[in-house]
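# Summary of the model geometry
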Amino acid sequence: MRRKYRKRGWLYAALAAVLCLMLVLPQKNSYARDFINESGTCTLKVRKTAFDENEKVWTDLDSNIEIEVYLYQIATIDKYGRYTWKKEFIEAEDAYRHGLGEQYSNPVDWDLQELNDGVYEVSAKEWEKEAYYIASVLGLPVPPEEEEASDKKSLVIPDHETLRKTACYSTNMKTDEEISLERENWGMYLVWAKPLVTEEYEYSFLPYLVSVPDNAYQRENADGLDTSVNSDSDEWLYQVTVGLKPSRKLRYLNLEIVKSLENYNEASGKAMFVFQIDAKKDLNEDGTAELVYSDVVGLDFTESGQKRVLVKKIPVGSVVTVREIYSGSSYKLTGWTGETGNPD
């Protein structure tokens, strides 16, 4: 009986040890990451990678241009790699939901708890949608998604003070500038780059989420991270480098055609004049211009004088040809003048 008691006591001790181990392991999470080194230094750098790799696409931008990037911390991170929403973001989201009422809809069905339980089950598309959602919660303008893209939507560029007063604002930086983040500022960030306008294009940038420190283990294409990052490693990255995700949209101007009729022939009745407008532009910057606008407009006269017609939305930088293709049998073109402008 004594030997049996000792064996049972050994068994209880072993079970207790296993139970303690089970209680500790979840703290490190289920995907075999190392603990975060809280005594280390974290840095973040946002590069103009897309511009460097697509020189022909972005040639209207000065190579030395600096794009302003704003960082909004939405969550903190503990040494186990678990995220916790910041109170400021929770309050902003509550206000956002209340403002939308029944129209409220979070496009992504995941939250930080699900992220903590299994971060690698979140797809790149879901990350992108969540970033759009979070930007909307914070009141930051975002470029329309492709299926919603409309040239009628004007580009909104908030000023610096407005962006600094936005909930969860942490800091702002320039592209290719490296900043250091103290331990209390480590966590999940929304990266939002300020739109800019050149002579011919409007540039906007997709908002996205990044963790500082970060971990690319098994992540799809190591989204947003430097291409040199090894997605097979589960080590934490303390020097985080990400790239901008730009999109651009043509800018448009209007063309006004002014027709003067010096003498009106009443016997012929209403006089009609028809104009053909064609515009070409080298969109691919390969030396070949393609047709970007083509339309026909007309003007009717019931007396001598001057009339105008406004031709809208011709891409800036286009070569425009206007031809009077019909003027009736009673009238003859006696002169032509032209000028460049943007009539209201």
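This text follows the structure it describes.
If you're wondering where the values come from, they're calculated on a predicted model, not measured in any experiment.

About the cut-offs
- Residues numbered from 1 in each chain as written.
- Predicted model: local features only at pLDDT ≥ 70, side-chain atom pairs only at ≥ 80, totals over all residues.
- Heavy atoms only, no water.
- Helix = DSSP H or I, 4+ residues; strand = E, 2+ residues; numbered from the N terminus.
- Expected span 1.5 Å × (residues − 1).
- Buried < 20%, exposed > 50% of the residue type's maximum accessible area, 1.4 Å probe, protein only.
- Arc of directions from axis to C-beta.
- Contact = heavy atoms within 4.5 Å.
- Salt bridge = Lys/Arg side-chain N within 4 Å of Asp/Glu carboxyl O.
- Core = buried A, V, L, I, M, F, W, Y, C linked by side-chain atoms within 4.5 Å.
- Pairing = 2+ DSSP bridges.
- Axes fitted to C-alpha atoms, helices over the stretch in contact; angles between N-to-C directions.
- Phe/Tyr/Trp six-rings, centres within 6.5 Å; stacked < 30°, edge-to-face > 60°.
- Lys NZ or Arg CZ within 6 Å of the ring centre and 35° of its normal.

Our next topic: helix α3 (residues 87-100). Taking 1.5 Å per residue, 14 residues should reach 20 Å; α3 reaches 20 Å between its end C-alpha atoms and fits that length. Considered for burial, the residues of α3 that qualify are Phe89, Ala92 and Glu93. Buried residues of α3 fall within an arc of 100° about the axis and therefore sit on the same side. Turned more than 90 degrees away from the buried face of α3, the exposed residues are Lys87, Ala95 and His98. Looking at the packing, one finds that the buried side of α3 touches β2 (68-77), β3 (83-85) and α5 (124-137).

Attention now moves to the pattern of salt bridges. The full count for this structure, using the stated rule, is nine salt bridges. Arg164 is the salt-bridge partner of Glu161, the closest N and O atoms lying 3.5 Å from each other. Of the two residues, Glu161 and Arg164 both sit in helix α6 (residues 160-164), three residues apart, roughly one turn of that helix. Arg308 is paired through a salt bridge with Glu256; the nearest N and O atoms lie 3.0 Å apart. Taken together, the residues Arg308 in strand β15 (residues 305-315) and Glu256 in strand β12 (residues 252-261) connect sequence positions 52 residues apart.

Tyr72, Leu138 and Leu190 are the most contacted members of the largest nonpolar core, which has 51 residues in total. No other element matches the seven residues that β2 contributes to this core. If sequence neighbours within four positions are ignored, Tyr72 has contacts with Leu138, Leu140, Leu163, Thr166, Ala167, Cys168, Tyr169, Ser170, Met188, Tyr189, Leu190 and Trp192. Membership of the second largest hydrophobic core comes to 17 residues, among which are Leu255, Val297, Val309 and Tyr331.

On to the sheet that holds strand β16 (residues 319-326), then. Here three strands make up an open sheet; going across it, the order is β14-β13-β16 and the pairing antiparallel. Pairing within the sheet leaves two strands with one partner each, and these edge strands are β14 (290-301) and β16. Here the strands of the sheet are splayed against their neighbours by 20° on average, with no regard to which way each runs. Looking at chain direction, strand β13 (residues 271-281) and β16 are connected through seven bridges and run antiparallel. Counterpart to Gln276 in the pairing with β16 is Arg323.

What follows covers the sheet that holds strand β8 (residues 201-205). Adjacent strands of a sheet form backbone hydrogen bonds with each other and so pair up, either parallel or antiparallel. Strands sit in the order β7-β8-β11 across an open sheet of three strands; the sheet is antiparallel. A single partner strand is all that each edge strand has here, and the edge strands are β7 (196-197) and β11 (246-250). As paired elements, β8 and β11 share five bridges and run antiparallel to each other. Of the residues in β11, the one forming a bridge with Tyr201 is Leu250.

Counting through the fold element by element, Glu202 comes out in strand β8. Excluding residues that lie within four positions of it along the chain, Glu202 makes contacts with Leu155, Leu196, Val197, Ser247, Arg248, Lys249 and Arg251.

All right, on to the packing of aromatic side chains then. Summed over the entire model, instances satisfying the criterion amount to ten aromatic pairs. Consider the rings of Tyr70 and Tyr169, whose centres lie 6.4 Å apart with planes at 50°: the pair is tilted. In this pair, Tyr70 is assigned in strand β2 and Tyr169 in strand β4 (residues 169-174), connecting sequence segments 99 residues apart. Looking at Tyr70, the relative accessible area reads 0%, which means it is buried. Taking relative accessible area as the criterion, Tyr169 reaches 22% and is therefore assigned partly exposed. Their ring planes at 25° and their centres at 4.7 Å tell us that Trp85 and Phe89 sit as a pair that is stacked. A connected cluster of aromatic rings, assembled from ring pairs, spans Tyr70, Tyr72, Tyr169 and Trp192. Residue placement shows Lys307 over the ring face of Phe301; its charged tip is 5.6 Å from the ring centre. If you follow Lys313 out to its NZ or CZ, it ends over the ring of Tyr252, 4.9 Å from the centre.

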